[in-house]
Amino acid sequence: MAQEILQVSPLPPFMMKALQEADYIVHDHTHIKDPGALSKVTAIVGTGAAKVDKKLLMMLPNVKLIAICGVGYDGVDVAVAKEKGIVVTHTPGVLTDDVADLAMGLVLSIGRRLPQADKFVRNGDWVDDLFALTHKVSGARLGIVGMGRIGRAIAKRAAAFDMSIAYTGREAKADLTYAFYKTATELASAVDYLVAAVPGGDTTKNLIGASVLQALGHKGYLINIARGSVVDQPVLVQALKDKTIAGAALDVFWDEPIIDPELRRLPNVVLTPHIASATVETRQAMAALALANLQAFYERRALPTPVPECQ
């Protein structure tokens, strides 16, 4: 008998195709209204942007799995899920390289002002003027907030640019020789580029705030490839306007895809539309891992990648 699952956020076409070919009955959460159908759903599938709160879970009495196609799952109320005997899975590891690649791309883009240089040429400004000098990236000081899989991959890439690397996190890593700072503020005061690479959620909400940005200083740059919630966005906008920091390169935002108009107008920022893992190869690998979790659940096998809280 075909298993019935609930899709709670848009999924890539190839993932939807794979679900249909596997004979799952996929309900769209925006259209399913029948209480009888809700009771038949045994698993939830969504991307890292999915919102799975207590209200939704209370409507789904027989759900026992939430399979997230993404490494972040801060939109899932894991505590309530565990209370109801629901296991949450995600797709770590397979997107590490792409996220780290984009982080370094944003470092280069904001340091060397690549989007602004592109606009300068396209507008014909080069005919009458010279592009302003930028700042060297090789040999600069890089600070990483969070030294998990992605943080380590960013450090590996930064090392190829001969950057001085330091980091902060819950604790120092015994196997790393990089300088460790106990707080993000202390780290920010010692670097030129500060990269946020921590998970989202209540424990990291507004971790990058006024004190961190003041410590980063008027020559420092902030790069965020983590979650929009990690940065106090109104404080960041003001810091950019006041030139408290030199600039920012952001892939994630509060209330995305709605972006603060002031942020869009600022000349000292680089903005990308949450594309850190958005390559064909990685999104296919993420989908395959999410499907593997789903299949293992229905076949009563060990789940490949449960979130830490459910291990």
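Residues numbered from 1 in each chain as written. Predicted model: local features only at pLDDT ≥ 70, side-chain atom pairs only at ≥ 80, totals over all residues. Heavy atoms only, no water.

Student: Looking at this structure, I do not really get the overall build of the protein. What am I missing?
Tutor: Counting its secondary structure elements, the protein contains 12 helices and 12 strands. With the C-alpha coordinates aligned to their principal axes, the bounding extent of the protein is approximately 70 × 50 × 30 Å. Counting contacts in the protein only where the partners sit at least 6 residues apart, residues at least 24 apart contribute 58% of the total. Surface accessibility of the protein: about 15,800 Å² in total, with carbon and sulfur atoms responsible for 54%. One way to put it: in the protein the 32 positive side-chain charges average out to a point 2 Å from where the 32 negative ones average out. (Helix = DSSP H or I, 4+ residues; strand = E, 2+ residues; numbered from the N terminus. Contact = heavy atoms within 4.5 Å. Areas by Shrake-Rupley, 256 points an atom, 1.4 Å probe, with all protein chains shown as cover. Lys, Arg positive; Asp, Glu negative; His and termini not counted. Charge placed at Lys NZ, Arg CZ, Asp CG, Glu CD.)

Student: Explain the nonpolar core to me, please; I cannot follow it from the model alone.
Tutor: Most often, soluble globular proteins keep nonpolar side chains buried together rather than apart. Counting residues in hydrophobic clusters, the biggest one holds 49 residues, and the most contacted among them are I154, Y193 and I225. With eight residues, the single largest contributor to this core is helix α5 (residues 96-111). Setting aside anything within four residues of it in sequence, one finds I154 in contact with A100, A103, M104, L142, I144, V195, A197 and I225. (Core = buried A, V, L, I, M, F, W, Y, C linked by side-chain atoms within 4.5 Å. Buried < 20%, exposed > 50% of the residue type's maximum accessible area, 1.4 Å probe, protein only.)

Student: Is there a simple way to think about the side chain of R157 in this case?
Tutor: Tracing the backbone shows R157 in helix α7 (residues 149-160). Among the polar contacts listed, one links the side chain of R157 to the backbone oxygen of A153, at a separation of 3.0 Å. Leave out the neighbours within four places in its chain, and R157 touches D97, A100, D101 and M104. (Polar contact = N/O pair within 3.5 Å; in protein donor to acceptor, adjacent residues only side chain to side chain.)

Student: Before we go on, may I ask you to explain the packing of aromatic side chains in this structure?
Tutor: Centre distance and the angle of the planes are the two values used to describe a pair of aromatic rings. A complete count under the given rule lists five aromatic pairs for this structure. Put simply, the rings of Y24, F297 and Y298 touch in pairs and so form one group of aromatic residues. (Phe/Tyr/Trp six-rings, centres within 6.5 Å; stacked < 30°, edge-to-face > 60°.)

Student: Just to check I follow, could you spell out the packing of helix α1 (residues 13-21) against helix α12 (residues 280-298) for this structure?
Tutor: Two packed helices can be described by the angle between their axes and the distance between those axes. Packing of α1 against α12 leaves a shortest axis separation of 9 Å and a crossing angle of 30 degrees. Here α1 lies roughly parallel to α12, going by the angle between them. The two elements α1 and α12 cross, and the hand of that crossing is right-handed. In contact with F14, M15, A18 and L19 of α1, α12 contributes R283, Q284, A287, A290, L291 and L294. (Axes fitted to C-alpha atoms, helices over the stretch in contact; angles between N-to-C directions. Parallel < 35°, antiparallel > 145°, perpendicular 65-115°, else oblique. Left-handed = near helix turned anticlockwise from the far one by under 90°.)

Student: I tried to follow the sheet that holds strand β12 (residues 269-271) on my own but got confused; where do I start?
Tutor: Where strands meet in a sheet, backbone hydrogen bonds hold them as pairs that are either parallel or antiparallel. Across the sheet, seven strands lie side by side as β8-β7-β6-β9-β10-β11-β12; this open sheet has parallel pairing. One side of each edge strand has no neighbouring strand; the edge strands of this open sheet are β8 (179-181) and β12. Strand after strand, the sheet turns through a mean of 20 degrees between neighbouring axes, direction not considered. Sheet topology places strand β6 (residues 141-145) next to strand β9 (residues 193-196); four bridges connect them, and they run parallel. What sits directly across from L142, in β9, is Y193. Together, β6, β7 (164-168) and β9 form the strand contacts of α7, whose direction differs from that of β6 by roughly 170 degrees. (Pairing = 2+ DSSP bridges.)

Student: How do you make sense of the state of the cysteines when you look at a structure like this?
Tutor: Here, the word disulfide means a covalent bond between the sulfur atoms of two cysteines. One pass over the structure, following the stated rule, counts zero disulfides. The structure places no disulfide on C310, whose sulfur is separated from the nearest cysteine sulfur, that of C69, by 17 Å. (Disulfide = S-S within 2.5 Å.)

Student: Looking at this structure, how should I read α1?
Tutor: Structural remark: α-helix, 3.6 residues per turn; residues separated by three or four positions point the same way. Listed as buried for α1 are M15, M16 and L19. In a view along the axis of α1, the buried residues occupy a sector of 100 degrees, so they form one face of it. Of the exposed residues in α1, those oriented more than 90 degrees away from the buried face are P13 and E21. Where α1 is buried, its residues contact β1 (4-7), β2 (25-28), β3 (41-47), β4 (65-69) and α12. D23 sits one or two residues past α1 and shows a positive phi near 70 degrees. (Arc of directions from axis to C-beta.)

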